[in-house]
Amino acid sequence: WCGPCRQEMPLLDALYDRYERVGFQLLGVNIDDDPRRAMEMAEELGISFPVLFDDRKEVSELYRVEAMPVTVILDREGVVRYTHYGYKPGYEEYYLDQVRTLLRE
């Protein structure tokens, strides 16, 4: 079930753990019709950030999610600043740089 998601989620969770105390928020959004698989995976991986369910696909449409995973990074004002489609090892370095940039603003 979504191999790239399985790789990316623990890395995002580490980023969340590291920067939550300084205002970084992270929300996972699941687009499956049955949320049980996502919850089981999040529990198995020890994910601590909130996972929301987009059963009406509204968030997916808003952020143009056509495949998983999509990582959208917003600034403090809620403006989309970065969007990453898919996941490959090493992307987390981009996320780290982008989050640090936004936290300094």
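In what follows, the accompanying structure is described. Worth saying up front: this structure is predicted, and the values here are computed from it rather than measured. (Residues numbered from 1 in each chain as written. Predicted model: local features only at pLDDT ≥ 70, side-chain atom pairs only at ≥ 80, totals over all residues. Heavy atoms only, no water.)

## What to know about the packing of aromatic side chains
Reasoning step 1: What the rule picks out here adds up to three aromatic pairs.
Reasoning step 2: Each ring, one from Tyr16 and one from Phe49, has its centre 6.2 Å from the other, and the planes form 80°; the classification is edge-to-face. Separated by 33 residues along the polypeptide, Tyr16 in helix α1 (residues 3–19) and Phe49 in the loop between α2 (36–45) and β2 (51–53) bring together distant segments of the chain.
Reasoning step 3: A relative accessible area of 6% places Tyr16 in the buried class.
Reasoning step 4: Each ring, one from Tyr91 and one from Tyr94, has its centre 6.2 Å from the other, and the planes form 65°; the classification is edge-to-face. With Tyr91 and Tyr94 both in helix α4 (residues 91–104), this residue pair falls three residues apart, about one helical turn. (Phe/Tyr/Trp six-rings, centres within 6.5 Å; stacked < 30°, edge-to-face > 60°. Helix = DSSP H or I, 4+ residues; strand = E, 2+ residues; numbered from the N terminus. Buried < 20%, exposed > 50% of the residue type's maximum accessible area, 1.4 Å probe, protein only.)

## Some details on unusual backbone geometry
Most peptide bonds are trans, and most residues other than glycine sit at a negative phi.
Reasoning step 1: A cis amide bond, omega -10°, links Met68 with the succeeding residue Pro69.
Reasoning step 2: As for its position among the elements, Pro69 is in the loop between α3 (58–62) and β3 (70–74).
Reasoning step 3: Despite not being glycine, Lys57 shows a phi value in the positive range, around 65°.
Reasoning step 4: Examined against the element boundaries, Lys57 turns out to sit in the loop between β2 and α3.
Reasoning step 5: The class for Lys57 is partly exposed, based on a relative accessible area of 25%.
Reasoning step 6: Backbone geometry at Arg64 places phi at a positive 55°, although glycine is not the residue there.
Reasoning step 7: Owing to a relative accessible area of 63%, Arg64 belongs among the exposed residues under this scheme.

## Re the pairing of strand β4 (residues 80–85)
Reasoning step 1: Alignment of β3 against β4, held across five bridges, turns out to be antiparallel. Bridge assignment links Ile73 to a residue of β4, and that residue is Tyr82.
Reasoning step 2: Hairpin connection between β3 and β4: a loop of five residues separates the two successive antiparallel strands, and Gly78 in this loop has a positive phi of roughly 85°. (Pairing = 2+ DSSP bridges.)

## Considering the pattern of salt bridges
Reasoning step 1: Under the counting rule described, the total for this entry stands at seven salt bridges.
Reasoning step 2: Across the pair Asp32 and Arg37 runs a salt bridge, and its minimum N-O distance is 3.7 Å.
Reasoning step 3: Under the relative-accessibility criterion, Asp32 is labelled buried at 16%.
Reasoning step 4: Here Arg37 falls in the partly exposed class, since its relative accessible area comes to 46%.
Reasoning step 5: The closest approach of N and O atoms between Lys57 and Asp33, which form a salt bridge, is 3.1 Å. Separated by 24 residues along the polypeptide, Lys57 in the loop between β2 and α3 and Asp33 in the loop between β1 (28–30) and α2 bring together distant segments of the chain. (Salt bridge = Lys/Arg side-chain N within 4 Å of Asp/Glu carboxyl O.)

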